[in-house]
Amino acid sequence: TRGPGNGPSDDERAQFANAQGADLLVSLHIDRSPNPQAEGVACFYYGAGESGSAAGERLADLIQRELVTRTGLTDCRIHGRTWDLLRLTQMPAVRVEIGYLSSKRDRAHLLDPANRDVIVEAMLAGIQRLYLPPESDHPTGILRIPASLRAG
């Protein structure tokens, strides 16, 4: 919905999510890098030292594990950050980097509609697992989301 230098700022996006009373926020990004070896998926949550969002960290971990398991893309792990979008929201918030357009492998993966469906299902499974009680949770990569729920 935005590119470099346009669209609402992270502060404005956080204010919007807060005003809507959102239960969680997932910000999707596709990265690029001058480094030709840069590839893979990563999730970021609000975290700095001993403080941060435990629910955001859990959501980032669940989404990251689902993405890596289902897509086979390189695991760039989860990371705590103090970015405005993550820090200023009143709900668990994550930023999901779903690949690098500058990587031939990631780009080919992202251009395939079937692979994009897998990415969506992985993120939805991670979100659903956040709300499941431990006794009802599924192992990573097992939970399936009906196509009717994925269709826009």
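Read on for a plain summary of the structure. Since the model is a prediction, treat every value here as computed from it, not as a measurement.

## Concerning the overall build of the protein chain
Broken down by element type, the protein chain carries six helices and five strands. Listed N to C, the secondary structure of the protein chain is α-β-β-β-α-β-α-β-α-α-α in terms of helices and strands. Here the C-alpha radius of gyration of the protein chain, 15 Å, is about what a compact globule of 152 residues would show, namely 15 Å. With respect to the three principal axes, the spread of C-alpha positions in the protein chain is 45 × 35 × 35 Å. In the protein chain, which comprises 152 residues, the share counted as buried stands at 37%. In the protein chain, the proportion of contacts linking residues at least 24 apart, taken out of those at least 6 apart, comes to 77%. Element-wise, carbon and sulfur atoms account for 51% of the exposed surface of the protein chain, whose accessible area totals about 8700 Å².

## Some remarks on the nonpolar core
Generally speaking, a soluble globular protein has its nonpolar side chains buried in company with each other. Counting 18 residues, the largest nonpolar core has Leu 59, Ile 63, Leu 67, Val 94, Val 96, Ile 119 and Met 123 as the members making the most contacts within it. Secondary structure elements with two or more residues in this core: strand 2 (41-48), helix 2 (54-71), strand 5 (93-100) and helix 5 (113-131). The element best represented in this core is helix 2, accounting for five residues. Discounting residues that sit within four places of it in the chain, Met 123 has contacts with Leu 28, Ile 63, Leu 67 and Val 96. Listed in part, the nine residues of the second largest apolar core include Ala 14, Ala 42, Phe 44 and Met 91.

## Describing helix 2
In this model helix 2 runs 26 Å from its N-terminal to its C-terminal C-alpha over 18 residues, within 8% of the 26 Å that 1.5 Å per residue would give. Where helix 2 is concerned, the buried positions are Gly 56, Leu 59, Ala 60, Leu 62, Ile 63, Gln 64, Glu 66, Leu 67, Arg 70 and Thr 71. Buried-residue contacts for helix 2 involve strand 2, strand 4 (75-81), strand 5, helix 4 (104-111) and helix 5. At the C-terminal side of helix 2, Gly 72 shows a positive phi close to 75°.

## A look at the pattern of salt bridges
On inspection of all chains with the given rule, the structure shows eight salt bridges. Residue Glu 66 is joined to Arg 129 by a salt bridge in which the shortest nitrogen-to-oxygen separation is 2.9 Å. Of the two residues, Glu 66 is situated in helix 2 and Arg 129 in helix 5; the sequence distance between them amounts to 63 residues. For the pair formed by Glu 66 and Arg 129, the shared burial category is buried.

Parameters at a glance
- Residues numbered from 1 in each chain as written.
- Predicted model: local features only at pLDDT ≥ 70, side-chain atom pairs only at ≥ 80, totals over all residues.
- Heavy atoms only, no water.
- Helix = DSSP H or I, 4+ residues; strand = E, 2+ residues; numbered from the N terminus.
- Rg over C-alpha atoms; globule rule 2.2 N^0.38 Å.
- Buried < 20%, exposed > 50% of the residue type's maximum accessible area, 1.4 Å probe, protein only.
- Contact = heavy atoms within 4.5 Å.
- Areas by Shrake-Rupley, 256 points an atom, 1.4 Å probe, with all protein chains shown as cover.
- Core = buried A, V, L, I, M, F, W, Y, C linked by side-chain atoms within 4.5 Å.
- Expected span 1.5 Å × (residues − 1).
- Salt bridge = Lys/Arg side-chain N within 4 Å of Asp/Glu carboxyl O.

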